[in-house]
Amino acid sequence: MYEKNIKEELYKYFPPEIKKAFTLIDDVLINSAEEIRFRINAPLVIYTNDRRVFLTKHGKLVYEPETAIKCLSEDIYDIYSSFTKHSAMVFSNQLKNAFLTIEGGYRIGISGTGIMHGSSIVGFKDISGINIRIPREVLGVSNKLLPFILNKGHVLNTLIISMPQMGKTTLIRDVARNLSGDKYCKKVCIVDERMEIAAVNEGIPGYNVGLYTDIINGISKGQGIQMAIRALSPDVVITDELGDAADTAAISECINCGVSFVTTAHAASIKQLTSRQNFKKMIEKKFFSRYALLGDSLGRATLEQVLDEDLNQLNCGAIALNGG
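Sequence order sets the numbering: in each chain, residues are counted from 1 along the sequence as written. Owing to the predicted nature of the model, reporting of local features is limited to residues with pLDDT of at least 70; listing and counting of side-chain atom pairs is limited to 80 or more, with chain, interface and lining totals taken over all residues. Side-chain descriptors were evaluated using all non-hydrogen atoms of the structure, hydrogens and water having been removed beforehand.

**Student:** Mind showing me how you'd approach unusual backbone geometry here?
**Tutor:** Across the chain, the bulk of peptide bonds are trans and the bulk of non-glycine residues have phi less than zero. The residue serine 233 is not glycine, and still its phi comes out positive at about 45°. Secondary structure is summarised from DSSP: a helix means a run of H or I of at least four residues, a strand means a run of E of at least two, and numbering begins at the N terminus for each. Structurally, the position occupied by serine 233 is in the loop between helix 8 (221–231) and strand 15 (236–239). Although it is not a glycine, alanine 301 adopts a positive phi angle of roughly 65°. Along the chain, alanine 301 falls in the loop between strand 17 (290–295) and strand 18 (302–308). Relative accessibility decides the category of a residue: with a 1.4 Å probe and only protein chains considered, values under 20% of the type maximum give buried, values over 50% give exposed, and everything between is partly exposed. We classify alanine 301 as buried; its relative accessible area is 7%.

Below, the structure written as structure tokens:
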């Protein structure tokens, strides 16, 4: 595991003026960043947990957009080319979802005109914007969740639900670390389709995901789960952003093989989740023994509700997870 250095990991992708300004940013300020956004003919914006600031050419973060660096069309194109290593086709499997993941687990969102091959996006042209989402490692953030999802040492099938940027990926990363540590000694397999959970580089995880964790990268969740079950004999499979019918079929196979799973989904509530037919079927069939709903009533990564398979609430009130 490495200590994340946002400036060092990202500046190399930027054109000269932006690179120079970026390296001058105060370390404390940049380390609080959650998103960095580039838009054509618009100021460079950095979003933190509670504010929006703009970057000047002198590396200062200010509240007035008038003094900020303005991103030109060639800047956006240069950054996109750097992220795709000047060959979008290499990343076409990722770009079909309008983003790619680079070393360090950074998710790079793209806005622009899609280049289609049949019904699939294989790249972008006329790129209008780029968004860098910055991942976090918070050791111990899953400590207060574990008592709800463990029963006599057995991991209960768990779905973690929230709106974006409430800490789902950070939470499951730490669930893996905890379950695969010396206390529980579970054989964990992370199926990391978007390569964000473990941020593997040359086979080495960029985050602490546990001593006994295997990682399958860059493969669809459905295929990855099947590979894990057939080849790696996991006790627990962990994935992010559950979605389509193939995911459901793979998780059903997990259940039938006696393998536990912990996964996530985007939704504001259980009610909203059940409006999606795929999840409604999983809830009705009781695929999950636990539902954990994240929010921000006590700050980011608040455990608002824990529900059992019958959707009965198990916690007495909101629980702040940050800080362990």
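Structure's up, so let's keep going.
**Student:** How should the sheet that holds strand 3 (residues 45–48) be read in this particular structure?
**Tutor:** Each strand in a sheet pairs with another by means of backbone hydrogen bonds, the pair being arranged parallel or else antiparallel. The sheet built from seven strands is open, its strands ordered 5-4-3-1-9-8-7 with antiparallel pairing. Strand pairing shows two members of the sheet lacking a second neighbour, strand 5 (61–62) and strand 7 (99–102), which therefore form its edges. Strands pair, by our definition, only if DSSP identifies at least two bridges between them. In terms of strand pairing, strand 7 meets strand 8 (residues 106–117) through four bridges, oriented antiparallel. Its bridge partner lying in strand 8, leucine 100 is registered against isoleucine 108. Contacts between helix 4 (residues 73–83) and the sheet are confined to strand 1 (33–39), strand 7, strand 8 and strand 9 (120–133), with strand 9 contributing the most and set at about 110° to the helix. What makes two residues a contact is simply this: any of their non-hydrogen atoms within 4.5 Å. Each axis is a line fitted through C-alpha atoms, and for a helix only the stretch in contact is used; angles between axes span 0 to 180 degrees, taken between their N-to-C directions.

**Student:** What exactly am I supposed to notice about the pattern of salt bridges here?
**Tutor:** Side chains that carry opposite charge are capable of pairing whenever their charged atoms lie near each other. The rule for a salt bridge is simple: a side-chain nitrogen of Lys or Arg has to be within 4 Å of a carboxyl oxygen of Asp or Glu. Per the stated rule, a full pass over the model turns up ten salt bridges. With its nearest N and O atoms 2.8 Å apart, the salt bridge here joins lysine 7 to aspartate 27. Taken together, the residues lysine 7 in helix 1 (residues 6–10) and aspartate 27 in helix 3 (residues 27–30) connect sequence positions 20 residues apart. Lysine 7 gets classed as buried once you look at its relative accessible area, which sits at 13%. Residue classification places aspartate 27 among the partly exposed residues on the basis of a relative accessible area of 44%. Salt-bridge contacts for glutamate 35 lead to arginine 37; the nearest nitrogen and oxygen are separated by 3.1 Å. Three or more residues are tied together by salt bridges with common partners; here these are Arg107, Arg194, Glu196 and Glu241.

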